[in-house]
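Here is how the chains run, residue by residue.
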Amino acid sequence: MSNFSLSNLMTRQDVLGFVVLALILLVVLPLSLDVMRLNQVGKYLSFAFVTVGLVLCWGYGGILSLGQGVFYGLGGYALAMFLKLEASSPENTSIQSTPGIPDFMDWNQITELPWLWEPFHSFGFSLLAILLVPTVLAYLIGFAMFKRRVSGVYFAIITQAISSILTILIIGQQGYTGGVNGITDLQTLMGWSIRTDYASYVFYFVGVALLFVCLFIAQFITKSKLGRILVAMRGQEDRVRFSGYDVANFKIFVFCVGAAFAAVGGAMFTLQEKFMSPSFVGIVPSIEMVIFCAVGGRLSILGAVYGALLVNVFRTVLGESFPELWLFAMGLLFVGVVLAFPDGLAGVYQKYAAPTVDRFLDKAPLFRRWPSSTSHSEPIKAS
Amino acid sequence: MTMHKQLTTGGATERWGLGKLKLLAASMVLAASANAATPPTSEVNTTGLAVTDDTVNVGILHSVTGTMALSEEGSVQAEILAIEQINEMGGVLGRQIEYIQEDGASDWPTFADRSSKLLRRDNVAAVFGCWTSASRKAVLPIFEQYNGMLYYPTFYEGLEESPNVIYTGQEATQQILAGLNWIAEEKDAETFYLLGSDYIWPRTSNKIARKHIEDVLGLEVVGEDYFPLGHTQFNSSINRIRLKKPDVVFASVVGGSNVAFYKQLESAGIDLVDGDMSLLTISVTEDEILGIGGRNIEGAYAAMKYFQSLDNPNNESFVKAFKERWGEDSVIGDVTQAAYLGPWLWKAAVEKAGSFDVDKVREASPGIELETAPEGYVRIHENHHLWSKTRVGEAQRDGQYKVVFETQELMEPDPFPEGYQ
């Protein structure tokens, strides 16, 4: 385990997968789509951060969270608060009763900036908050649940409850949060307009870069001993416990990683939509994120990216052509995928395309000597 | 016309036959007159909108799926009806209107996403859409950035005046003040109880109502309650109402909550028809009564600018056309009528401007009048809202409102009301 060379970390199929994904996201899409469509793809990719985290938590760790929207939302709100404060300079808000505070506070008769908002004047603090607030919350939830050995369905229900609570809190405290309207009308980032086409390109590529950082972290986790322990826990939690591992700590860790990924995704969404809304925090969007993950394949971190991307593209295309039909189509798609391909798109690839690709790679000079499996990983089957 | 002369002077008369020639001449005169009404595209569209020699594209952006679909359906129908009627009359500047419909899916970020598609990809000349304040707030920065024109139909809280929006519904003071004056006098009311769903519109409306009741009318507010959207347990609040015995309950509960609220009010024995207590709502149109049931809300008053039962020739033909197009059973609420005004106001502004360019349409908009509006007569104010009358209707068992009061004058829209903030 001590020497973690690239060939230990990735099979040649993994390398091929990463390269193909990078080509699609960095070359094919930017060259073939106009800036508005690319911006849409960027927003869909923000959900990929969540689904990659779900692969770790759910696919590997067996922890089904139906509340990832909480972390996505917190990340998005943390950045939106910073951007909103910047957009609410006294000059921009001179028509308000109290200039210098966000417009929705003024509508709600709040006359000074709440203490909770004060630190979000600082960009550094906001960046930290994007990562830390959701991660600390995930830690607290994980600590409270996993140390008490709450798992499975009960854990899923509790995460749902938490996402419901947070939605009610955000909508109810509209003077402090923007309520059901969300935080709208974000304009600049450190004085730089985020509404230009140029900014859309920049955010797209920053988003893709961050997504690859998350993908590499996820790849590292799945191929490390930690990943093996997660899989073992998913199968036989008690045996792992009896072998002397503190099961709860591993679960807490992977749940926190999933939360941090989701938060980065939420922040990238805020940047690209210039808007954050409680409609991402609730139960329905959280479950939708699980659907993206299931469609992509809950055991494949790359599959999760395609899942988030394709379901959303599908939704947009169908929504634009047949507004009344897309909900039904989406439901059918999910039922179909789960019944016919329980391992999602990645499962379909493994079954039908992978052997052919493998034979092809045997002949490719670059990959011939790259191991087709890493030192200790046979394909992991769902239990 | 020169061609016409050449043909008659040449030997064409014999070869073509007189009848054919007359037809040709007639058709050329027709073409010439049509040309006069159809200015060249390069003139009426200098900013790259989706305008061709015979068509112009507009967008319709409402929720047709999700929780808001029920409310927004009427607006979609009204907008389509108006567009079809305008096309039948020859379109706008000689061009037929083609609409591109997008689904906001009751989800505010989706509204933002679709509006940027309509403005940037489809280059529509105008968008008729949005219903909730949240969806309008979500699309507003996009309309301002890409200079689109939104016709927004819902009565709303005010506090907004965007150069890129024409507000065809009433803002809060227009809807509320006259209604409160009327009920205070008519019912000799002294005490009021304010109720609403918990978001910006009811909160702002109640703030304005409270200021008006306390500062202007010199009466008393004895309670104020808010409920989360979708709330269905109103018993504790109804108990408080029974204890405080207000003369008037002023309600701005929205959506599905209404059904539970009025049924529980009814079963708690609060009689709106013969009892001592009156109820004035600003959120229940004929559309909502479909869900509530006329029996449960009979006797309640609503303050709005339009009721389906309005008795005037414009409304008669509008209701008839609407039912012919969308079925005998359809009902028409306040917002549906306001949505119907959108395409007509846009048409009038485009024709006054002689151009589809958004800047010119905006410039031409203030002062635009509509004599044919189902609600009577409306005019666009400098602040992009409509001058309109306020009316009070009394809910009937059959789900319709009987108009019991209307203001003499048009109410001036005042989105930033002094003294009410």
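As the structure is a computational prediction, the values presented were derived from the model and not from experiment.

Definitions and cut-offs
Residues numbered from 1 in each chain as written. Chains lettered and ligands numbered in written order. Predicted model: local features only at pLDDT ≥ 70, side-chain atom pairs only at ≥ 80, totals over all residues. Helix = DSSP H or I, 4+ residues; strand = E, 2+ residues; numbered from the N terminus. Rg over C-alpha atoms; globule rule 2.2 N^0.38 Å. Buried ≥ 20, exposed ≤ 12 C-beta atoms within 10 Å, placed from the backbone. Contact = placed C-beta atoms within 7 Å. UniProt positions renumbered as here; feature names shortened; annotations may be inferred. Pairing = 2+ DSSP bridges. Axes fitted to C-alpha atoms, helices over the stretch in contact; angles between N-to-C directions. Nonpolar A, V, L, I, M, F, W, Y, C, P; charged D, E, K, R; others polar. Core = buried A, V, L, I, M, F, W, Y, C linked by C-beta atoms within 7 Å. Domains from an automatic or database assignment. Right-handed = clockwise from strand over helix to strand, strands pointing away. Expected span 1.5 Å × (residues − 1). Bend = angle between axes of the 7 residues up to and from the residue. pLDDT = per-residue confidence, 0-100.

Caption draft 1: Examining the overall build of chain A more closely. The helix and strand tally for chain A stands at 16 helices and 2 strands. Relative to the 2.2 N^0.38 estimate, which gives 21 Å for 383 residues, the radius of gyration of chain A is 22 Å and therefore close to what a compact globule would have. Each principal axis of the C-alpha atoms in chain A carries an extent, and together these give about 70 × 50 × 45 Å. Burial statistics for chain A: of 383 residues in total, 46% are counted as buried. Put simply, of all contacts in chain A between residues at least 6 apart along the chain, 80% involve residues at least 24 apart.

Caption draft 2: Representation of the overall build of chain B in the model. When you go through chain B residue by residue, the secondary structure sums to 16 helices and 15 strands. With the C-alpha coordinates aligned to their principal axes, the bounding extent of chain B is approximately 100 × 40 × 35 Å. Evaluated residue by residue, chain B yields a buried proportion of 52% over its 421 residues. Relative to all contacts within chain B whose residues are 6 or more apart in sequence, the contacts with residues 24 or more apart total 71%.

Caption draft 3: The arrangement of the UniProt feature "transmembrane region" (unreviewed entry) in chain A in detail. Per the UniProt entry, the sites bearing "transmembrane region" (unreviewed entry) are residues 15-33, 45-67, 123-146, 153-172, 198-221, 242-269, 289-313 and 325-342 of chain A in this numbering. For the annotated span residues 123-146 of chain A, helix accounts for 100% and strand for 0% of the residues, and the straight-line distance between the end C-alpha atoms is 34 Å.

Caption draft 4: Layout of unusual backbone geometry. Non-glycine residue Met 190 of chain A carries a positive phi angle of around 50 degrees. Residue class for Met 190 of chain A comes out exposed when judged on the 9 C-beta atoms lying within 10 Å of it. Although it is not a glycine, Cys 130 of chain B adopts a positive phi angle of roughly 70 degrees. Secondary-structure assignment places Cys 130 of chain B in the loop between β3 (127-129) and α7 (133-145).

Caption draft 5: Highlighting the sheet that holds strand β9 (residues 278-281) of chain B. Residue and element names in this part refer to chain B. The strand order across the open sheet formed by 7 strands is β7-β6-β8-β9-β10-β14-β15, and the pairing between neighbours is mixed. Two strands bound the open sheet, and with one partner strand each, they are β7 (220-227) and β15 (401-406). The average angle at which neighbouring strand axes cross in this sheet is 25 degrees, direction not considered. Where strand β8 (residues 248-252) and β9 come together, 4 bridges link them in parallel fashion.

Caption draft 6: The interface of chain B and chain A, seen in detail. Contact residues are listed per partner, giving 31 residues for chain B and 26 residues for chain A. Counting residues per element, the ones that place at least two in the side of chain B that touches chain A are β2 (96-103), α6 (108-120), α7 and α9 (200-216) of chain B. Tallied by class, the residues present in the side of chain B that touches chain A amount to 14 nonpolar, 7 polar and 10 charged.

Caption draft 7: Main features of the nonpolar core. Counting 172 residues, the largest nonpolar core has Ala 48, Val 52, Val 55, Ala 263 and Ala 308 of chain A together with Leu 345 of chain B as its most contacted members. Looking at this core element by element, the count peaks at 16 residues for helix α12 (residues 247-273) of chain A. For this core, the domains that each give at least three residues are domain 2 (55-170 + 311-388) and domain 3 (173-304 + 392-406) of chain B. Contact partners of Ala 263 of chain A, with chain neighbours within four places excluded, come to Phe 71, Tyr 72, Leu 74, Gly 75, Ile 130, Leu 131 and Pro 134 of chain A.

Caption draft 8: Broad picture of the pairing of β2 of chain B. Residues and elements named next belong to chain B. By the bridge criterion, 8 bridges tie strand β1 (residues 55-62) to β2 in an arrangement that is parallel. Counted as the bridge partner of Gly 59 is Ile 100 from β2. As a crossover connection, the stretch from β1 through helix α5 (residues 69-88) into β2 is right-handed.

Caption draft 9: Region of the structure containing the environment of Arg 315 of chain A. All names here are of chain A. For Arg 315, the position within the fold is in helix α14 (residues 301-321). For Arg 315, a count of 19 C-beta atoms within 10 Å corresponds to the partly exposed category. Separated by 15 residues in the primary sequence, Arg 315 and Met 330 have C-alpha atoms spaced 7.2 Å apart. Discounting chain neighbours no more than four positions away, the residues touching Arg 315 are Trp 326 and Met 330.

Caption draft 10: The sheet that holds β3 of chain B, seen in detail. Residues and elements named next belong to chain B. Across the sheet, which stays open at both edges, the 5 strands sit in the order β2-β1-β3-β4-β5 with parallel pairing between neighbours. A single partner strand is all that each edge strand has here, and the edge strands are β2 and β5 (165-167). The mean angle between the axes of side-by-side strands here comes to 25 degrees, regardless of whether they run parallel or antiparallel. Here β1 pairs with β3 via 3 bridges, running parallel. Bridge pairing links Gly 59 to Val 127 in β3. Along the sheet, α6 contacts β1, β2 and β3; its crossing angle with β1, the most-contacted strand, is approximately 175 degrees.

Caption draft 11: Geometry of the pairing of strand β11 (residues 369-373) of chain B. All names here are of chain B. Here β11 pairs with strand β12 (residues 376-380) via 3 bridges, running antiparallel. Residue pairing for β12: Glu 369 is matched across the bridge by Arg 379. Between the end of β11 and the start of β12, which pair antiparallel, lie 2 residues.

Caption draft 12: Structural context of α7 of chain B. Residue and element names in this part refer to chain B. Its 13 residues give α7 an end-to-end C-alpha distance of 19 Å, which sits within 8% of 18 Å, the value for a rise of 1.5 Å per residue. Residue Val 139 marks the point of greatest curvature in α7, where the axis turns by about 35 degrees; the proline Pro 141 follows within four residues. All of the buried residues along α7 are Ser 133, Ala 134, Ser 135, Arg 136, Lys 137, Ala 138, Val 139, Leu 140, Pro 141, Ile 142 and Phe 143. Elements that come into contact with the buried residues of α7 comprise α6, β4 (150-152), β5 and α9. Just downstream of α7 lies Asn 147, where phi reads positive at about 50 degrees.

Caption draft 13: The confidence of the model for chain A, seen in detail. Here chain A shows a mean pLDDT of 90. Residues at 70 or above account for 96%. The model gives residues 375-379 of chain A a pLDDT under 50, and that stretch makes 5 contacts with residues more than four places away or in other chains.

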